[in-house]
Amino acid sequence: MPYNRVDVSMRELISACSGLEAADLVDRLARAAAAVANTSYAGFVRADPLREEARSMYAHTPPGDPLRVRSWLAESGVLKELASAVEPVRMAYDPSVGEPGFLATPVPTVSCDHLYVWVAGRDFCDADEHLLSRYAIAAGRALEAASGLEAAVRLLRGVRAFRPA
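Definitions and limits used
The numbers attached to residues start from 1 for each chain and follow its sequence in the written order. At least 70 in pLDDT is required for a residue's local features to be given in this predicted model, at least 80 for side-chain atom pairs to be given and counted, and no such filter applies to totals for whole chains, interfaces and linings, which use all residues. No hydrogens and no water enter the side-chain calculation; it runs on all heavy atoms of the structure. Every helix listed is a DSSP run of H or I at least four residues long, and every strand listed is a run of E at least two residues long, numbered separately from the N terminus. The classification of residues rests on relative accessible area computed with a 1.4 Å probe and restricted to protein chains. Under 20% of the type maximum is buried, over 50% is exposed, and intermediate values are partly exposed. Identification of polar contacts relies on pairs of N or O atoms within 3.5 Å, with a donor-acceptor requirement for protein atoms, meaning one able to donate a hydrogen and the other able to accept it, and with residues adjacent in sequence counted only if both atoms are side-chain atoms. Each pair of strands is called paired provided DSSP finds at least two bridges between the two strands. Every axis corresponds to a line fitted to the C-alpha atoms, with the helix fit spanning only the stretch in contact, and the corresponding angles, defined between N-to-C directions, vary from 0 to 180 degrees. Here, two residues are considered to be in contact whenever any of their heavy atoms come within 4.5 Å of each other. Only one rule defines a salt bridge in this text: a Lys or Arg side-chain nitrogen within 4 Å of an Asp or Glu carboxyl oxygen. The pLDDT value expresses, per residue, how confident the predictor is, ranging between 0 and 100. Helix span, expected: 1.5 Å multiplied by one less than the number of residues in the helix.

Draft legend 1. Focus on the side chain of Asp128. Secondary-structure assignment places Asp128 in helix H5 (residues 126-162). Judged by its relative accessible area of 14%, Asp128 falls in the buried class. At 2.8 Å, the side chain of Asp128 and the side chain of Arg122 are in polar contact.

Below you can see the structure in the form of structure tokens.
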């Protein structure tokens, strides 16, 4: 079989652009958000386009979820609040009544309306809100870049599939 420079270079390009898995990126972004906020809990929430309801898209918690943040997200009404929020949402830390402390801020993206990054597990202040808002911008850019790479891979596969022999 003769060496085909185009085929080899296309395969290498597709491989390089395919190296980023969206689920792995979301996990890494959540872990980094937790580290930035000096807590063990972080994740993403997505609201529907009509802003009627929101659902947890991803949650990073320590093993066993000692503060029960996953169940708190589902039961507390915070998802309903995030569905209609346009500003960051902050809730106080009060373990005596099961409030884990919560901070969420919108993630600016073009491809995904109404996405929020959240952190939980302690009391948060204005400085935390500012830092998480800046982080949300970076996370949005990373998610957009990943989406762009996925689209590029689909196009490259089409070019490779329909290239004349």
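Draft legend 2. Up close: the sheet that holds strand E1 (residues 41-47). The antiparallel open sheet is built from five strands, whose spatial order is E2-E1-E5-E4-E3. Looking at strand neighbours, the two that pair on one side only are strand E2 (54-60) and strand E3 (89-94), the edges of this open sheet. Strand after strand, the sheet turns through a mean of 25° between neighbouring axes, direction not considered. Here helix H2 (residues 22-36) sits on the sheet and contacts E1, E2 and strand E5 (115-120); the angle it forms with E1, its principal contact strand, is near 125°.

Draft legend 3. Quick peek at the pairing of E2. Examined bridge by bridge, E1 and E2 share six bridges and lie antiparallel to one another. Note on E2: the bridge partner recorded for Phe44 is Tyr58. Counting the residues that bridge the hairpin from E1 to E2 gives six residues, and of these Arg51 lies at a positive phi of roughly 60°.

Draft legend 4. Broad picture of the pairing of E3. As defined by bridge partners, E3 adjoins strand E4 (residues 99-107) across five bridges and the pair is classed as antiparallel. Paired with Tyr93 across the bridge in E4 is Pro100. The turn linking E3 back onto E4 is made up of four residues, and Gly98 within it adopts a positive phi angle of 80°.

Draft legend 5. Representation of the pattern of salt bridges. If you walk through the whole model with that rule in mind, you get five salt bridges. Arg31 is paired through a salt bridge with Asp27; the nearest N and O atoms lie 3.0 Å apart. One end of the pair, Arg31, and the other, Asp27, are both in helix H2, four residues apart, so they sit about a helical turn from each other. Where Asp128 meets Arg122, a salt bridge forms, and the shortest distance between an N and an O atom there is 2.8 Å. A relative accessible area of 22% places Arg122 in the partly exposed class. One continuous salt-bridge network, built from bridges that share partners, spans Arg90, Asp126 and Glu129.

Draft legend 6. Quick peek at the confidence of the model for the protein. Confidence in the prediction for the protein averages 87 pLDDT; 93% of positions are at 70 or higher. Within the protein, helix H1 (residues 5-17) has the poorest average pLDDT of any element, 74, and E5 the best, 96.

Draft legend 7. Representation of H2. Here H2 spans 21 Å end to end across 15 residues, near enough to the 21 Å set by a 1.5 Å rise per residue. Of all the positions in H2, only Leu25, Val26, Asp27, Leu29, Ala30, Ala33 and Ala34 are classed as buried. Backbone geometry just after H2 places Asn38 at a positive phi near 55°.

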